[in-house]
2 protein chains.
Amino acid sequence: MTSKVNGFAKRDVAIVGVGIAPSGEQWDKGLRELTIEAGFAAAADAGVRGKDIDLILVGNMSAGTFVGQEHVAALVADFLGLNPTSAVRVEAACASGGVAFKQGCLAIASGLYDLVVVGGVEKMTDVQGKWATSVLSGAMDFEWEAYFGATFPGIYALMARRYMYEYGLTREQLAAVAVKNHYHGSFNPLAHFRNKITVDQVLNSSLIADPLRLFDCSPISDGAACVILTPAENARKYTDTPILVDACVQASDTLTLFERRDICTLDATVEASREAYRLTKISPKDIDVAEVHDCFTIAEILALEDLGFCKKGEAGTLYDEGQLYVGGSLPVNTDGGLKASGHPVGATGVKQIVELVKQLRGEVESGRQVKGAEQALAQNVGGSGATAVVTLLRREN
Amino acid sequence: MTSKVNGFAKRDVAIVGVGIAPSGEQWDKGLRELTIEAGFAAAADAGVRGKDIDLILVGNMSAGTFVGQEHVAALVADFLGLNPTSAVRVEAACASGGVAFKQGCLAIASGLYDLVVVGGVEKMTDVQGKWATSVLSGAMDFEWEAYFGATFPGIYALMARRYMYEYGLTREQLAAVAVKNHYHGSFNPLAHFRNKITVDQVLNSSLIADPLRLFDCSPISDGAACVILTPAENARKYTDTPILVDACVQASDTLTLFERRDICTLDATVEASREAYRLTKISPKDIDVAEVHDCFTIAEILALEDLGFCKKGEAGTLYDEGQLYVGGSLPVNTDGGLKASGHPVGATGVKQIVELVKQLRGEVESGRQVKGAEQALAQNVGGSGATAVVTLLRREN
């Protein structure tokens, strides 16, 4: 029942160019400047010309509310000089980028398009008349959750509290997620935060929604990312190191947390990852590097279990053992994750893909490069789990 | 350069079910109730079961700003009981429905999906903290147009004034667009307005943006529409009267009006329609019935010319001759168009398709049924023309 890109694929999909704009508070850049920066970087990386592009997909969550601008994909086509190429904005809350990427893979796999640009962008720091947290509440069920005062820190705090009760996760283990991601982010020149932090700093940061503290929460970031897709058989026209998309699967779940069978499991992640593994015969132990959706520290804990990297209730122990650092058995969020690299919501899903492509190419800064990485996984989540996208990438040898 | 569905199509696309919620001020229905009403009607029409659906696409422009709800497609999946099927919201301003439909056609044509639901929805009458006109300004270039006070009535007024100057269109001819569409709407039980109006009433209605008056403008409507797509070879499992999608083509242009080579032509419509005609060998004179994007009366005038139904500057004379009424040589906007049927912006592109499917099936109310219609055209526009989608539909004999 989950949607498949490669289930009946006509042809394989390759990524031949990536680009990214630095994440953070970019007071001198608007939506279009961020997009142009990432888009031109990706085009230069792939060596493509605008006139060869068949289709533009743009992931964006809330430009209408953040900066008054809808019709975002047409804006991108316009400012990248790509008219009259058709341009489609895709929205699935914080999974907007992942879903745009999936639609881009579909376009190539279908045989109907030969060169597709997938961008993701969010401008979050110039909000007028609303708090960013209020805008982001549009990702939950407005009438049944946000209207009654729920916020995303509050929703994830419920999940964290229940998980700690059920499985004995300690507050220190939760903090270790943020400590690891800030450590990785310290090597990433494009990250929102590059400062290392300690468990004590997390535990002493402001309380946001018990048990979550400020350093458990990803920041409000401006940012953009872009990838360029072609059929695998054409990829070497553009690059010597094509990265193949083995699978990209999306699944849905209830918007509301209270309707889930278990608030400590994201069934959409479970569904999407199981289908991705089934389609490819790849298993979690084959993955060399992963980007997962750590919008809050608890989200990374749940992701590791929902993706099958460990058994239910055991993710905390992976932090005790340091296995999730670069150099460990499964480096996770090597760019700093949403926590340190930043979370420009509509860009995040594409930003994860850019990081993994660079990892598989062996192009990232030393300190966070996973040596010899061949197989990678990305997990992008919308809301509290109503949408999940799981992508498997591989270096073509 | 325009995107093609059927340019290299793997297989033909058919519409096997349609559903619609009445347009208008629906104070007792929210976003989800409208969607459910249209979705269940389409499912019943096609006789499909939820578990057979492979993919959900939802056109929606501004639910985030109108009612605080993003993540609209996941909401639809949830409330139609379709989890974990993947659900994708598509946004392209007032062309959101048309672009969602195009993406749905692509999904079927690709061979990757066998049963796709395409919905469109907008809830516009419950806006908090902003005027609807301000929300809709998100469809233009916010920084270069809306920020300086431009509104859509103002933008289209510029086009109307210039067109009247260039081509001698009279104020009465412009009014005749609204008179015709209200006449057609009077036969449509689902229309926002069912009252007939006269040229004098249009000329005496409140001035909105010179030369446009209140009755030149489409209303702020709540509404939803839904279609169900399958490969043509499967269509007769669901219906005795499949409607084939011969082409569905999207094109982009500048967001800003001032950057266009000619503000009396929508180049995106020209590009998309020329490509649709080229792909299908269908010409404008083959069309039996059309739905065009009359967000303002001048928009229908431009559409007739941009789509090739008459020469530049001559559309006004078609109204003098009454050719665009049911019974004339080319009935246009037989449901009342955006003007009388209503303009729930994200739903409009899908609503047009629903009307044409019903026309081709011979199912609409007498008074507005085009007898023996076999070939139909829809044109859906985003903003002042930055996005256009042109669709050609045909009754399978």
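The structure displayed is predicted, hence computed values, not measured ones.

Student: What's the story with the overall build of chain A in this structure? I'm lost.
Tutor: Scanning chain A from N- to C-terminus turns up 13 helices and eleven strands. The C-alpha atoms of chain A give 19 Å as radius of gyration, which agrees with the globular expectation for 397 residues (21 Å, within 12%). Referenced to the eigenvectors of the C-alpha coordinate spread, the extents of chain A come out at roughly 55 × 45 × 40 Å. The proportion of buried residues among the 397 residues of chain A is 67%. Considering only residue pairs separated by 6 or more positions, chain A has 79% of its internal contacts joining residues 24 or more positions apart.

Student: Could you clarify how one ought to interpret the relation of the copies chain A and chain B in this entry?
Tutor: One copy of the chain maps onto the second through a rotation around an axis plus a translation along that axis. For the match of chain A to chain B, the screw axis carries a shift of 0.0 Å, the RMSD comes to 0.0 Å, and the turn is 180°. Look at the turn and shift together and you get a two-fold axis relating the two. Of all interface residues in chain A, 98% are interface residues in chain B too; the two copies therefore contact each other through one and the same surface.

Student: Help me understand helix α7 (residues 171-185) of chain A in this model?
Tutor: Because an α-helix packs 3.6 residues into every turn, residues spaced three or four apart end up facing the same way. Residues and elements named next belong to chain A. Its 15 residues give α7 an end-to-end C-alpha distance of 22 Å, which sits within 8% of 21 Å, the value for a rise of 1.5 Å per residue. With eleven of 15 residues buried, α7 is to be regarded as a mostly interior element. Every buried residue of α7 is accounted for by L174, A175, A176, V177, A178, V179, K180, N181, H182, H184 and G185. In this fold, the buried residues of α7 make contact with α6 (152-167), α8 (199-204), α10 (297-306), α11 (315-320) and α12 (337-341).

Student: I would appreciate a short explanation of the environment of L356 of chain A in the present structure.
Tutor: All names here are of chain A. Along the chain, L356 falls in helix α13 (residues 348-361). Expressed as a C-alpha distance, the spacing of L356 and S329, which sit 27 residues apart in the sequence, is 16 Å. Residues contacting L356, with those up to four places away along its chain left out, are V289, E291, A376, A378 and L393.

Student: Looking at this model, I keep getting lost on the environment of G59 of chain A. Mind explaining?
Tutor: Residues and elements named next belong to chain A. Topologically, G59 is positioned in strand β2 (residues 55-59). With 35 residues separating them along the chain, G59 and C94 place their C-alpha atoms 9.2 Å apart. If we skip the residues at most four places from it in the chain, G59 touches V90, S96, G97, V99, A100, G120, G346, A347, G349 and V350.

Student: Is there a simple way to explain the interface of chain A and chain B in this structure?
Tutor: Much of the literature gives interface size as the accessible area that the parts lose upon coming together. Between chain A and chain B, the residue contacts involve 62 residues of the former and 63 residues of the latter. Those elements that place two or more of their residues in the side of chain A that touches chain B are α2 (63-67), α3 (72-79), β3 (87-91), α4 (96-109), β8 (243-252) and α9 (267-280) of chain A. Residues belonging to the side of chain A that touches chain B are distributed by class as follows: 27 nonpolar, 24 polar and eleven charged. Examined bridge by bridge, β3 of chain A and strand β3 (residues 87-91) of chain B share three bridges and lie antiparallel to one another. The residue of β3 of chain B that forms the bridge with E91 of chain A is R89 of chain B.

Student: What is the right way to look at the pairing of strand β4 (residues 116-122) of chain A in this model?
Tutor: Consecutive residues of a regular strand have side chains that alternate between opposite faces of the sheet. Residues and elements named next belong to chain A. Of all seven residues that make up β4, seven are buried, and the element is covered over most of its length. Alternating positions in β4 separate into two faces, V116, V118, G120 and E122 on one and V117, G119 and V121 on the other, with burial throughout. Strand direction decides the pairing type here: β2 and β4, joined by five bridges, are parallel. Each residue of the ladder has a partner; that of I56, found in β4, is V117. Here β4 pairs with strand β7 (residues 222-231) via seven bridges, running antiparallel. From the neighbouring strand, V116 faces β7, where its bridge partner is L229.

Student: It is not clear to me how helix α1 (residues 31-46) of chain B should be interpreted in this structure. Could you clarify?
Tutor: Residues and elements named next belong to chain B. Counted at 1.5 Å a residue, the expected span for α1 with its 16 residues is 22 Å, and the 23 Å between its end C-alpha atoms agrees. Burial runs high along α1: twelve of the 16 residues are buried. Of all the residues in α1, the buried ones are L31, R32, L34, T35, I36, E37, A38, G39, A42, A43, D45 and A46. Buried positions along α1 lie against β1 (13-24), α2 (63-67), α3 (72-79), β4 (116-122) and β7 (222-231). Remark: G47 follows α1 within two positions and exhibits a positive phi of approximately 65°.

Student: I keep staring at the domain arrangement of chain A and nothing clicks. Help me out?
Tutor: All names here are of chain A. In terms of domain boundaries, chain A breaks down into domain 1 (13-130 + 221-237) and domain 2 (132-217 + 245-395). The straight-line distance from the C-alpha centre of domain 1 to that of domain 2 is 22 Å. The interface of domain 1 with domain 2 comprises 40 residues on the first partner and 35 residues on the second. Of all the secondary structure elements, the ones that give two or more residues to the side of domain 1 that touches domain 2 are β1 (13-24), α2, α4, β4 and β7. Take the side of domain 1 that touches domain 2: its biggest share by element is eight residues, from α4. In terms of residue class, the side of domain 1 that touches domain 2 is made up of 23 nonpolar, 13 polar and four charged.

Student: Explain the pairing of strand β8 (residues 243-252) of chain B here, please?
Tutor: Residues and elements named next belong to chain B. In terms of burial, β8 is largely enclosed, as nine of its ten residues are buried. Sheet topology note: the β1/β8 ladder contains three bridges and is antiparallel. Along β8, the bridge assignment pairs A14 with L244. Pairing analysis gives nine bridges linking β8 to strand β11 (residues 387-395), with the strands arranged antiparallel. Residue V245 lies in a different strand from β11, and its bridge partner there is L393.

Student: Could you clarify how one ought to interpret the packing of helix α1 (residues 31-46) of chain A against α3 of chain A in this entry?
Tutor: A pair of packed helices is characterised by two quantities: the angle between their axes and the separation of those axes. Residue and element names in this part refer to chain A. It is at 10 Å that the axes of α1 and α3 come closest, and there the two elements cross at 60°. In this view, α1 runs oblique relative to α3, as classed from their interaxial angle. The crossing of α1 and α3 is right-handed. Mapping the contact onto sequence places R32, T35, I36 and G39 in α1 and L75, V76 and F79 in α3. Among the residues forming the contact of α1 with α3, the class breakdown is four nonpolar, two polar and one charged.

Student: What am I meant to see in the environment of V72 of chain B here?
Tutor: All names here are of chain B. Within the element layout of this structure, V72 appears in helix α3. Accessibility expressed as a C-beta count within 10 Å gives 33 for V72, which makes it buried. Sequence separation between V72 and D12 is 60 residues, and the spatial gap between their C-alpha atoms is 28 Å.

Student: Even after reading the chapter, I still don't get the packing of helix α4 (residues 96-109) of chain B against helix α13 (residues 348-361) of chain B, so can you show me in this structure?
Tutor: Residue and element names in this part refer to chain B. Relative to each other, α4 and α13 sit at 65°, their axes nearing to 5 Å. Viewed along their axes, α4 and α13 adopt a mutual orientation that is roughly perpendicular. Of the residues in α13, those touching α4 at S96, G97, G98, A100 and F101 are T348, G349, V350, K351 and I353. Grouping the constituent residues of the contact of α4 with α13 by class yields four nonpolar, five polar and one charged.

The rules behind each value
- Residues numbered from 1 in each chain as written.
- Chains lettered and ligands numbered in written order.
- Predicted model: local features only at pLDDT ≥ 70, side-chain atom pairs only at ≥ 80, totals over all residues.
- Helix = DSSP H or I, 4+ residues; strand = E, 2+ residues; numbered from the N terminus.
- Rg over C-alpha atoms; globule rule 2.2 N^0.38 Å.
- Buried ≥ 20, exposed ≤ 12 C-beta atoms within 10 Å, placed from the backbone.
- Contact = placed C-beta atoms within 7 Å.
- Least-squares fit on C-alpha atoms with pLDDT ≥ 70 in both.
- Expected span 1.5 Å × (residues − 1).
- Nonpolar A, V, L, I, M, F, W, Y, C, P; charged D, E, K, R; others polar.
- Pairing = 2+ DSSP bridges.
- Domains from an automatic or database assignment.
- Axes fitted to C-alpha atoms, helices over the stretch in contact; angles between N-to-C directions.
- Parallel < 35°, antiparallel > 145°, perpendicular 65-115°, else oblique.
- Left-handed = near helix turned anticlockwise from the far one by under 90°.

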